[in-house]
Amino acid sequence: MQSHLALLLPVAAVWWAAGCVADGLPRLKHARELRQHTGWLLALTLTGLGLLVALPIAGLATAGPTLADRAADGLVLAALPALLVAVCTVRRLRRLWAGAGALAVTSGTPAPHGLRAAAAHPLLGLPLQVTGLALLPTVVGASGVGQLLGPSATGPAITVAALAVAAIGVRHALRHNRLAERAMPQRVSSSRPAGALHI
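These numbers come from a predicted model, not from an experiment.

Peer 1: Outline the packing of helix α4 (residues 76-103) against helix α6 (residues 122-143), listing residues and values.
Peer 2: Axis separation between α4 and α6 bottoms out at 8 Å; the angle between their running directions is 150 degrees. By the criterion of interaxial angle, the relationship of α4 to α6 is roughly antiparallel. The crossing of α4 and α6 is left-handed. Contact residues: Leu77, Ala78, Pro81, Ala82, Leu84, Val85, Thr89, Arg92, Leu93 and Leu96 in α4; Leu123, Leu124, Pro127, Leu128, Val130, Thr131, Ala134, Leu135 and Pro137 in α6. Looking at side-chain class alone, the contact of α4 with α6 contains 16 nonpolar, two polar and one charged residues.

Peer 1: Residue-level account of the nonpolar core, with values.
Peer 2: Grouped together as the largest cluster of nonpolar side chains are 33 residues, with contacts concentrated most on Trp15, Leu25, Leu34 and Leu41. For this core, the secondary-structure elements that each account for two or more residues are α1 (5-24), α2 (31-61), α4, α5 (113-119) and α6. With sequence-adjacent residues up to four places away left out, Trp15 is seen in contact with Thr45, Gly48, Leu49, Leu52, Val85, Leu128, Thr131, Gly132 and Leu135.

Quick notes on the rules
Note that residues are indexed from 1 along each chain, following the sequence as it is written. It should be noted that, the model being predicted, local features are given only for residues of pLDDT at least 70 and side-chain atom pairs only at 80 or more, the latter also being counted only at that level, while totals for whole chains, interfaces and linings use all residues. Think of the side-chain values as coming from all heavy atoms in the structure, minus any hydrogens and water. To get an axis, fit a line to the C-alpha atoms, keeping to the stretch in contact for a helix; angles then go from 0 to 180 degrees between the N-to-C directions. The numbering of helices and of strands both runs from the N terminus, where a helix is a DSSP run of H or I of at least 4 residues and a strand a run of E of at least 2. Between 65 and 115 degrees an angle is taken as roughly perpendicular, under 35 as roughly parallel, over 145 as roughly antiparallel, and anywhere else as oblique. Each crossing gets its handedness from the near helix: less than a right angle anticlockwise from the far helix is left-handed, clockwise is right-handed. Two residues form a contact once any of their heavy atoms are found within 4.5 Å. Each residue is assigned to one class: nonpolar for Ala, Val, Leu, Ile, Met, Phe, Trp, Tyr, Cys and Pro, charged for Asp, Glu, Lys and Arg, and polar for all the others, Gly among them. By nonpolar core is meant a set of buried Ala, Val, Leu, Ile, Met, Phe, Trp, Tyr and Cys residues that side-chain atoms within 4.5 Å join together. Residue exposure (1.4 Å probe, protein chains only): buried if accessible area is under 20% of the type maximum, exposed if over 50%, otherwise partly exposed.

Right, dumping it as structure tokens:
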């Protein structure tokens, strides 16, 4: 096991935990629970972003190649989804946390479908989970397992990763649409009796 894995594992663990918490947000049915879990997710997200920035800075602060430099080199793949997290997801999490807080008067207050739809929005969960997924090859490579697989595994790994990202995105979109439809006001149906339609 290579030593810079010790620096990569905490970063990856924070992002994997954030992805798991984000996946469970739309299933929460009470406003207080939703606010609490959104707060945890916001803290995990800010911690993950901080760690992604701290490793390269630590590498720059020291002369010569260091463990931080080696760890930072592996974070390049996660930079783009992490940027999307910083630009889109954090703002959505703050709004969701504030919205749930406005309703979290008592522990039994139900979370409306609109809030749950916001929690299921693809721009909330997808970037977090893709960032965690992008850290997986780095962790595998640092652990030495990648050397056993050889370069022939690169193509299949890219294909599997692309399919996984597509599947995660479709799942988030379907769940968001389902909850958004429930949040829509019921269309007013005709109050006239069925026979009156033919008059």
